[in-house]
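In case you want the letters, here they are:
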Amino acid sequence: MLSKGLPNEDIMVAAHDTTAALITFLLRHLDANKDAYAKVLQEQEEIARCKAEGEALSWEDLCKMRHTWAAAMETLRIVPPAFSMLRRTLADVEFGGYVIPKGWQVMYATNMTHWDQAIFPDPGRFDPARFDDPAALAPYSFVPFGGGARMCPGNEFSKVETLVAVHHIVTRFRWKLADGCDGSFSRHPMPYPTQGLLIDIEPIH
Ligand code: HEM
């Protein structure tokens with residue numbers, strides 16, 4: 001996601017807007033999928049019950065957030081923050097009956113892979129169970145963070161940010177999408193809800 005030109009601004013986009021988009025769309029999907037939300041809430045409340053007042057989450061706590069991260073992965077599948085990436089061919093490549101000559105630039109579209117029904121049946125359905133066993137996924141079938149040598153170096157960090165944010169949102173607040181929220185979004189190039197993330201939210205304690 002980094003390009004030449006405005007390095008500071010690009011790093012902000014690479015590190016901030018991507019994770020913000022993930023958390024935003026995760027909340028939207030959890031609001032619309034009560035079963036998935038119930039699993040996330042139960043998992044997070046179990047972790048919260050074992051913590052003293054004000055005690056920080058540990059790495060071990062994050063490792064227990066299996067359902068929450070599965071829901072986040074399903075969100076990244078349906079709405080990948082980075083919808084495409086560029087690569088340059090180092091040799092002639094034959095693909096699908098076409099030869100792509102050495103030196104050509106190729107753009108892969110993350111959505112096309114994530115919405116391929118041969119890989120993810122019924123791709124429009126939000127189903128975190130697809131990621132119950134991430135090791136079973138075919139190589140390069142789930143590529144929200146890209147792949148290969150230039151894969152996103154911030155992917156584990158964004159996982160930490162997302163899990164910590166969701167933990168506090170679901171255990172400390174009662175929330176739901178505001179009435180009239182129409183679910184639309186547009187890309188600039190990151191996905192943003194057209195109306196912003198309109199939620200009704202109040203502290204639990
Ligand atoms: C949900 C969150 C994120 C998503 C979906 C995401 C996605 C991506 C993707 C698709 C790429 C291109 C990978 C490729 O070409 O194969 C990338 C590159 C990059 N990302 Fe992320 N990213 C996220 C969070 C972060 C964070 C938190 C940081 C930094 C703290 C970060 C830093 C970078 C950098 C520096 C690159 C360029 C790597 C290179 O060109 O070698 N990203 N990211």
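These lines cover the structure that appears in this document, whether it is placed above or below. (Residues numbered from 1 in each chain as written. Predicted model: local features only at pLDDT ≥ 70, side-chain atom pairs only at ≥ 80, totals over all residues. Heavy atoms only, no water.)

So, on to the overall build of the chain. For the chain, the count of helices and strands is six helices and eight strands. Counting from the amino terminus, the chain carries its helices and strands in the arrangement α-α-α-α-β-β-β-β-α-α-β-β-β-β. Overall, the C-alpha framework of the chain stretches about 60 × 40 × 35 Å when taken along its three principal axes. Expressed as a percentage of the 205 residues in the chain, the buried residues total 36%. For the chain, the proportion of contacts with a sequence separation of at least 24, taken over those separated by at least 6, is 63%. Of the roughly 12600 Å² of accessible surface on the chain, 60% is carried by carbon and sulfur atoms. (Helix = DSSP H or I, 4+ residues; strand = E, 2+ residues; numbered from the N terminus. Buried < 20%, exposed > 50% of the residue type's maximum accessible area, 1.4 Å probe, protein only. Contact = heavy atoms within 4.5 Å. Areas by Shrake-Rupley, 256 points an atom, 1.4 Å probe, with all protein chains shown as cover.)

Close approach of charged atoms allows side chains with opposite charge to pair. Applying the stated criterion across every chain, the model contains 11 salt bridges. Notably, a salt bridge pairs Asp-61 with Lys-64, separated by 4.0 Å at the nearest N-O pair. The exposure class of Asp-61 is buried, given its relative accessible area of 6%. Of the charged contacts, one joins Arg-77 and Glu-74 as a salt bridge, the two residues approaching to 2.7 Å between their closest N and O atoms. In this pair, Arg-77 and Glu-74 are both assigned in helix α4 (residues 66-78), three residues apart and thus about one turn of the helix distant. Of the residues examined, Arg-77 reaches a relative accessible area of 0% and is grouped as buried. (Salt bridge = Lys/Arg side-chain N within 4 Å of Asp/Glu carboxyl O.)

So, on to the packing of aromatic side chains. According to the stated counting rule, one finds four aromatic pairs in the structure shown. Considering the side-chain rings of Tyr-37 and Trp-175, the 5.4 Å spacing of their centres and the 75° angle between planes classify their relative orientation as edge-to-face. Note that Tyr-37 is positioned in helix α2 (residues 34-49) and Trp-175 in strand β5 (residues 173-177), a separation of 138 residues in sequence. Comparing Tyr-37 with Trp-175, the two get one shared label, buried. A centroid spacing of 6.1 Å and a plane angle of 40° characterise the contact between Phe-120 and Phe-131, whose relative ring orientation is tilted. Here Phe-131 lies in the loop between α5 (110-114) and α6 (155-172) and Phe-120 lies in the loop between α5 and α6, a separation of 11 residues in the sequence. Per residue, the accessibility class of Phe-120 equals that of Phe-131, and both read buried. Through a chain of ring-to-ring contacts, three or more aromatic side chains come together here, namely Phe-120, Phe-131 and Phe-142. The positively charged end of Arg-77 is found above the aromatic ring belonging to Phe-120, 5.2 Å away from the centroid. (Phe/Tyr/Trp six-rings, centres within 6.5 Å; stacked < 30°, edge-to-face > 60°. Lys NZ or Arg CZ within 6 Å of the ring centre and 35° of its normal.)

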